[in-house]
Amino acid sequence: LSDHIYYESTWSSDGGVDGSGYVFSDDSRWRIDPELSYSILPLLTYPAWPSGGPSSINLENTTVEFYLKGEGLDLNGAQAYFWVLDEHGRWKDYEVTLDIGDGTWAFNSIQIEDSLTSSFEQSFIASPGGLDLTHIYSFGIAFVGFDHGAEPSGVLGLDEFVIRETRALTVAGIDQDLQQTSTSDLVVE
């Protein structure tokens, strides 16, 4: 198989958080991405894929929230991380190891600051330059830390993926409903 083939995830109409629909991908679709360290990108998206979507999005000062569930998932020593792709390459947030439930949904929340203070490290270099969180072309989940020949296997599910603007709490905001949404939320399902 070619190194540059993407296999779509599958939509399930039920079985997600609170019985909702969710997407999943299994190891028959995963390929090793030969970056600075081997990784597998089991779930990813490009903002431009939805009809009429933007070519890039701004992730500066946002919070990314989602649920992950493994079914028969064996990471073989790997860890899961969130990653982004800008014009300079792929960047992984190695400071936040993602939680994956074993047959149950595990909640993840990642605070993304600005390009200068972020905890992302470059894992693939497309062109010289630093991270530009204002123009992200793709993002997703990566498995990193396995030995070649002992790749992760099983199924990885994703549900309720939301990108929120991060704002400082005000005195009035202390009692805010954390479940409320705003017009600036980007929901990818």
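Residues numbered from 1 in each chain as written. Predicted model: local features only at pLDDT ≥ 70, side-chain atom pairs only at ≥ 80, totals over all residues. Heavy atoms only, no water.

(A) Inspection of the confidence of the model for the protein chain at higher detail. Per-residue pLDDT for the protein chain has a mean of 85; in total, 83% of the residues score no lower than 70. When the criterion is pLDDT under 50, residues 173-180 qualifies, and its contacts beyond four places in sequence or with other chains add up to three contacts. (pLDDT = per-residue confidence, 0-100. Contact = heavy atoms within 4.5 Å.)

(B) Seen up close, the pattern of salt bridges. Per the counting criterion, the structure on display carries three salt bridges. For Glu65, the salt bridge goes to Arg164, with nearest N and O atoms at 3.0 Å. A residue pair is termed long-range when its members are at least 10 positions apart, and Glu65 in strand β5 (residues 62-74) and Arg164 in strand β12 (residues 153-165) qualify at 99 residues. Using a relative accessible area of 18% as the deciding quantity, one classes Arg164 as buried. For Lys69, the salt bridge goes to Glu71, with nearest N and O atoms at 3.3 Å. The buried category is assigned to Lys69, whose relative accessible area is 9%. (Salt bridge = Lys/Arg side-chain N within 4 Å of Asp/Glu carboxyl O. Helix = DSSP H or I, 4+ residues; strand = E, 2+ residues; numbered from the N terminus. Buried < 20%, exposed > 50% of the residue type's maximum accessible area, 1.4 Å probe, protein only.)

(C) Layout of the environment of Phe107. Relative to the helices and strands, Phe107 is located in strand β9 (residues 106-112). Residues Phe107 and Phe66, spaced 41 residues apart in sequence, show a C-alpha to C-alpha distance of 5.9 Å. The residues touching Phe107, leaving out its near neighbours within four places in the chain, are Glu65, Phe66, Tyr67 and Asp99.

(D) Representation of the nonpolar core in the model. Among the nonpolar cores identified, the biggest contains 29 residues, and Phe66, Phe82, Val84 and Ile141 are the most heavily contacted of them. Among the secondary structure elements, those contributing two or more residues to this core are β4 (38-45), β5, β6 (79-86), β9, β11 (138-144) and β12. In terms of residues, this core owes the most to one element, β12, which gives four residues. (Core = buried A, V, L, I, M, F, W, Y, C linked by side-chain atoms within 4.5 Å.)

(E) Highlighting the side chain of Ser138. Relative to the elements of secondary structure, Ser138 occurs in strand β11. Polar contacts involving the side chain of Ser138 include one to the main-chain carbonyl oxygen of Thr45, which spans 2.9 Å. Discounting residues that sit within four places of it in the chain, Ser138 has contacts with Leu44, Thr45, Tyr46, Pro47, Trp83, Val84 and Leu85. (Polar contact = N/O pair within 3.5 Å; in protein donor to acceptor, adjacent residues only side chain to side chain.)

(F) View of the pairing of β9. Here β9 shows a buried face lined by Ala106, Asn108, Ile110 and Ile112 and an unburied face lined by Phe107, Ser109 and Gln111. Here seven bridges tie β5 to β9, and the two strands are oriented antiparallel to one another. Across the sheet, residue Val64 finds its bridge partner in β9, namely Ile110. (Pairing = 2+ DSSP bridges.)

(G) Region of interest: the sheet that holds β4. Here we have six strands laid out as an open sheet, ordered β3-β4-β11-β6-β7-β10, and antiparallel in their pairing. In the strand order of this sheet, the two ends are held by β3 (32-34) and β10 (120-125), each with one partner. When the angles between neighbouring strand axes are averaged without regard to direction, this sheet yields 40°. The sheet contact formed by β6 and β11 spans seven bridges and is antiparallel. Following the sheet pairing, Tyr81 is matched in β11 by Ala142. (Axes fitted to C-alpha atoms, helices over the stretch in contact; angles between N-to-C directions.)

(H) Inspection of the packing of aromatic side chains at higher detail. Here the structure, examined in full by the defined rule, presents nine aromatic pairs. Where Phe66 meets Phe161, the ring centres are 5.5 Å apart and the plane angle is 20°; that geometry is what we call stacked. In this pair, Phe66 is assigned in strand β5 and Phe161 in strand β12, connecting sequence segments 95 residues apart. We classify Phe66 as buried; its relative accessible area is 0%. Among the residues examined, Phe161 registers a relative accessible area of 5% and is labelled buried. Note on Phe139 and Phe161: the rings are 5.5 Å apart at their centroids and 15° apart in plane angle, and the pair reads as stacked. Here Phe161 lies in strand β12 and Phe139 lies in strand β11, a separation of 22 residues in the sequence. (Phe/Tyr/Trp six-rings, centres within 6.5 Å; stacked < 30°, edge-to-face > 60°.)

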